[in-house]
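One letter stands for each residue in the lines below.
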Amino acid sequence: MDPQDAWLATLGQLQLQMNKGTYETWLHGTEVLAFHENRFTIGVRNAYAKDWLEQRLRPTIERALTDILDQPVEVGFTLWAPAALNEANDDPSQPSDPPARTNGTHGPSRSNGHAGDPEPTRAETQLNRRYRFETFVVGSSNRLAHAAALAVSEHPGRAYNPLFLYGGVGLGKTHLLQAIGNACQDQSLSVLYVTSEEFTNDLIHAIRTHTQQELRDKYRTIDVLLVDDVQFIAGKESTQEEFFHTFNALHGNDRQIVMTSDRPPRAMVTLEERLRSRFEWGMLADIQPPDFEMRLAILQAKAKQRSVEVPPEAMNLIAERVQTNIRELEGTLTRLVAYAQLTGQPITVEMVEGALADVAPRHHNLTPEKVVKTVAAHFGIDVERLTGRSRTRSVALPRQIAMFIARQETEASLPQIGQVLGGRDHTTVMHGCDKIATLVEQDELLRRQIVSIKEQLYQGLYG
């Protein structure tokens, strides 16, 4: 039997033995590149498929080929690029690597794979020119994320791939993401910035209009893919399937992938394991809420950009009162500047006090003790029992909820929270917080209970 016919027959047999997703992921598009001395050389499209086939499916494939040819055979896998083969020679038994094109400045020039297509414009990639590394304020809470993003922009596809940035709302993830995109476009690389919602909408549109190939051309032939709020693809099967193949295609060709999320991959409980593991392949960098010094530095930088004079005392007051969110910090300054311009008055401490009247310092008056009392009252448990040694679920779960809320809503450290909850070790508190963070993603009732407890807390403080 001809080697190519034997391989097609083997693929048909394997397709019957495994589910569609497995077959499409690892075997679809493979071809025989050579057959010599009872050894098949099979071409695959990316390194992940090559590794997976060698480690997991080689014995199964060899048995199937042996049965079909009625003689023992061996199978090897190699990376294969069809376009490069056609350019190099007409002999498929001699696979060759795609020819690299250089631009003389930034190493390999990887356009979008279509020679006649124009490079995407900044409007098409939705990049905001204001988001640059030069305008990003670096502090202890974001130093690692900034350094990783800068390295990626200087060596896309080689430094950290993928780069996964995570942190709370309004801490600068989108700024860093688009700063990478702007820096890469300055190097004449093709960049695509999308939110996970836009990716999902593009997929739905492609399915409805039968234009899946156009979707793949859009996402898989660029140099840098930037995905904001990637956590929203979790739980969406078709979106995860398409993103999985897009990820493999880009990563297998050394194209850079950068994602942002409000949580690390391990906390995305409805995310497929194969995607979670890929998200963790490269570099994970978290961004923490800014400390007082960094908040002050951000305010000073923004005031300088707007060319406005703000007294140091007013700056300090804003930095003290707005503690967790850089976006809220900037918004407060914008309101003050607008008010000062409209009234023709200089910005004063009194003006800041008035502007911040509705900005209650969430953590200022809230203590772990108050959290424990509120949680105990909510669940009808004595505080002594909540902080005691009991491990029954009716007590252990509320205790972990108290740990979780105290960690989120107060300035207390893990050891301090543990001390209030009966002298528990900080690792116990950390475990409790992680457990509730995971359960909140799955349990709607628990999520509502936590919201209700927080409302009780703040009604008691500010009501």
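Our structure is the block above this text.
Residues numbered from 1 in each chain as written. Predicted model: local features only at pLDDT ≥ 70, side-chain atom pairs only at ≥ 80, totals over all residues. Heavy atoms only, no water.

A word on the nonpolar core. Side chains of a nonpolar character, in soluble globular proteins, are inclined to be buried together. Counting residues in hydrophobic clusters, the biggest one holds 46 residues, and the most contacted among them are Ile61, Phe243 and Phe279. Here the element with the most residues in this core is helix α3 (residues 47-69); it accounts for 6 residues. Discounting residues that sit within four places of it in the chain, Phe279 has contacts with Pro162, Phe164, Val230, Ile233, Phe243, Phe247, Met259, Pro265, Leu271 and Leu284. If you look at the next biggest cluster of nonpolar residues, it comprises 26 residues, including Ala402, Met403, Val429 and Ile436. (Core = buried A, V, L, I, M, F, W, Y, C linked by side-chain atoms within 4.5 Å. Buried < 20%, exposed > 50% of the residue type's maximum accessible area, 1.4 Å probe, protein only. Helix = DSSP H or I, 4+ residues; strand = E, 2+ residues; numbered from the N terminus. Contact = heavy atoms within 4.5 Å.)

Assignment of secondary structure puts Thr221 in the loop between α9 (212-220) and β6 (224-228). Of the polar contacts made by the side chain of Thr221, one reaches the backbone oxygen of Asp217; its length is 2.3 Å. (Polar contact = N/O pair within 3.5 Å; in protein donor to acceptor, adjacent residues only side chain to side chain.)

Once that is clear, we can look at the packing of helix α12 (residues 292-306) against helix α14 (residues 326-343). The contact between α12 and α14 brings their axes to 10 Å, and the two run at 40°. In terms of their interaxial angle, α12 and α14 are classed as oblique. Classified by chirality, the crossing of α14 by α12 is right-handed. Two secondary-structure elements touch here, α12 through Arg295, Ile298, Leu299, Lys302, Ala303 and Arg306 and α14 through Ile326, Leu329, Glu330, Leu333, Thr334 and Val337. Classifying every residue of the contact of α12 with α14 gives 7 nonpolar, 1 polar and 4 charged. (Axes fitted to C-alpha atoms, helices over the stretch in contact; angles between N-to-C directions. Parallel < 35°, antiparallel > 145°, perpendicular 65-115°, else oblique. Left-handed = near helix turned anticlockwise from the far one by under 90°. Nonpolar A, V, L, I, M, F, W, Y, C, P; charged D, E, K, R; others polar.)

Given a rise of 1.5 Å per residue, 14 residues ought to cover 20 Å, and the 20 Å separating the end C-alpha atoms of helix α8 (residues 196-209) matches this to within 8%. When α8 is considered as a whole, its buried residues turn out to be Ser196, Phe199, Thr200, Leu203 and Ala206. For α8, the buried positions fall inside an angular range of 125° around the axis, keeping them on one side. Counted as exposed and oriented over 90 degrees from the buried face of α8: Glu197 and Arg208. Looking at the buried positions of α8, the neighbouring elements they touch are β5 (191-195), α9, β6 and α10 (237-252). The positive-phi residue at the C-terminal boundary of α8 is His210, with phi of around 55°. (Expected span 1.5 Å × (residues − 1). Arc of directions from axis to C-beta.)

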